[in-house]
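The lines below spell out each chain.
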Amino acid sequence: MKSILLSMIRFYQKAISPMFPPSCRFYPTCSNYSIDAVQEHGAIKGGYLAVRRILKCHPFHEGGFDPVPAKEKKEKNKSA
């Protein structure tokens, strides 16, 4: 699933995106953010983060630097 999503995003970057002028209001671009999110968090959560980011891409949002959130580390509770 993860590799399918990454392939679709890379296809978009190489085949569809060059047909349009650069207009992303965020850094990294939405497609780069999507790749980073899927690689960091997996297909389900990374896909969710990517869709959420794309929905923020409209004229009423200021944009700017918006990195992928770091993966939360789960600490194991060790009883002594």
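Residues numbered from 1 in each chain as written. Predicted model: local features only at pLDDT ≥ 70, side-chain atom pairs only at ≥ 80, totals over all residues. Heavy atoms only, no water.

1. A look at the overall build of the chain
No. 1: The number of helices and strands found in the chain is three helices and two strands.
No. 2: Secondary structure of the chain in N-to-C order comes out as α-β-α-α-β.
No. 3: Taking 12 Å as the expected radius of gyration for a compact globule of 80 residues, we find that the chain reaches 15 Å, considerably beyond that expectation.
No. 4: Seen through its principal axes, the chain has C-alpha atoms that stretch 60 × 30 × 15 Å.
No. 5: Counting all 80 residues of the chain, 29% fall into the buried class.
No. 6: Looking at the chain alone, contacts between residues at least 24 apart form 70% of all its contacts between residues at least 6 apart.
No. 7: Here the chain has roughly 6,500 Å² of accessible surface; of this, 60% comes from carbon and sulfur atoms.
No. 8: The chain carries 13 positive and 6 negative side-chain charges, and their two centres are separated by 6 Å. (Helix = DSSP H or I, 4+ residues; strand = E, 2+ residues; numbered from the N terminus. Rg over C-alpha atoms; globule rule 2.2 N^0.38 Å. Buried < 20%, exposed > 50% of the residue type's maximum accessible area, 1.4 Å probe, protein only. Contact = heavy atoms within 4.5 Å. Areas by Shrake-Rupley, 256 points an atom, 1.4 Å probe, with all protein chains shown as cover. Lys, Arg positive; Asp, Glu negative; His and termini not counted. Charge placed at Lys NZ, Arg CZ, Asp CG, Glu CD.)

2. Here we look at the confidence of the model for the chain
In low-pLDDT segments, the atomic positions of the prediction should not be examined closely.
No. 1: In the predicted model, the chain carries a mean pLDDT of 82, and the fraction of residues at 70 or more is 92%.
No. 2: The lowest-confidence element of the chain is strand β2 (residues 64-65), averaging 82 in pLDDT; the highest-confidence one is helix α3 (residues 43-55), averaging 88. (pLDDT = per-residue confidence, 0-100.)

3. Here we look at the layout of surface pockets
No. 1: Put simply, the largest pocket is a space of about 570 Å³.
No. 2: If you go around the largest pocket, you meet 20 residues; those closest to its centre are Tyr12, Ser17, Thr29, Cys30 and Ser31.
No. 3: Secondary structure elements with two or more residues in the lining of the largest pocket: α1 (2-16), α2 (30-41) and α3.
No. 4: A total of five residues in the lining of the largest pocket trace back to one element, the largest contributor, which is α1. (1 Å grid on protein atoms, 1.4 Å probe; cavity = no way out; pocket = protein on both sides within 12 Å on 5 of 7 lines; lining within 4 Å. Points joined across faces, edges and corners; volume = space filled by probe spheres on them.)

4. Looking at the packing of α1 against α2
No. 1: The interhelical angle for the contact between α1 and α2, taken along N-to-C directions, is 165°, at an axis separation of 10 Å. Taken together, α1 and α2 sit at an angle that is classed as roughly antiparallel. Between α1 and α2 lies a crossing of left-handed hand. Contacts between α1 and α2 involve Lys2, Leu5, Leu6, Ile9, Arg10, Tyr12 and Gln13 from the first element and Ser31, Asn32, Ser34, Ile35, Val38 and Gln39 from the second.
No. 2: Looking at side-chain class alone, the contact of α1 with α2 contains six nonpolar, five polar and two charged residues. (Axes fitted to C-alpha atoms, helices over the stretch in contact; angles between N-to-C directions. Parallel < 35°, antiparallel > 145°, perpendicular 65-115°, else oblique. Left-handed = near helix turned anticlockwise from the far one by under 90°. Nonpolar A, V, L, I, M, F, W, Y, C, P; charged D, E, K, R; others polar.)

5. Overview of α3
No. 1: If you check α3, its first and last C-alpha atoms are 18 Å apart, about what 13 residues at 1.5 Å a residue would give, namely 18 Å.
No. 2: Tucked into the core, α3 has its buried residues touching α1, β1 (26-27) and α2. (Expected span 1.5 Å × (residues − 1).)

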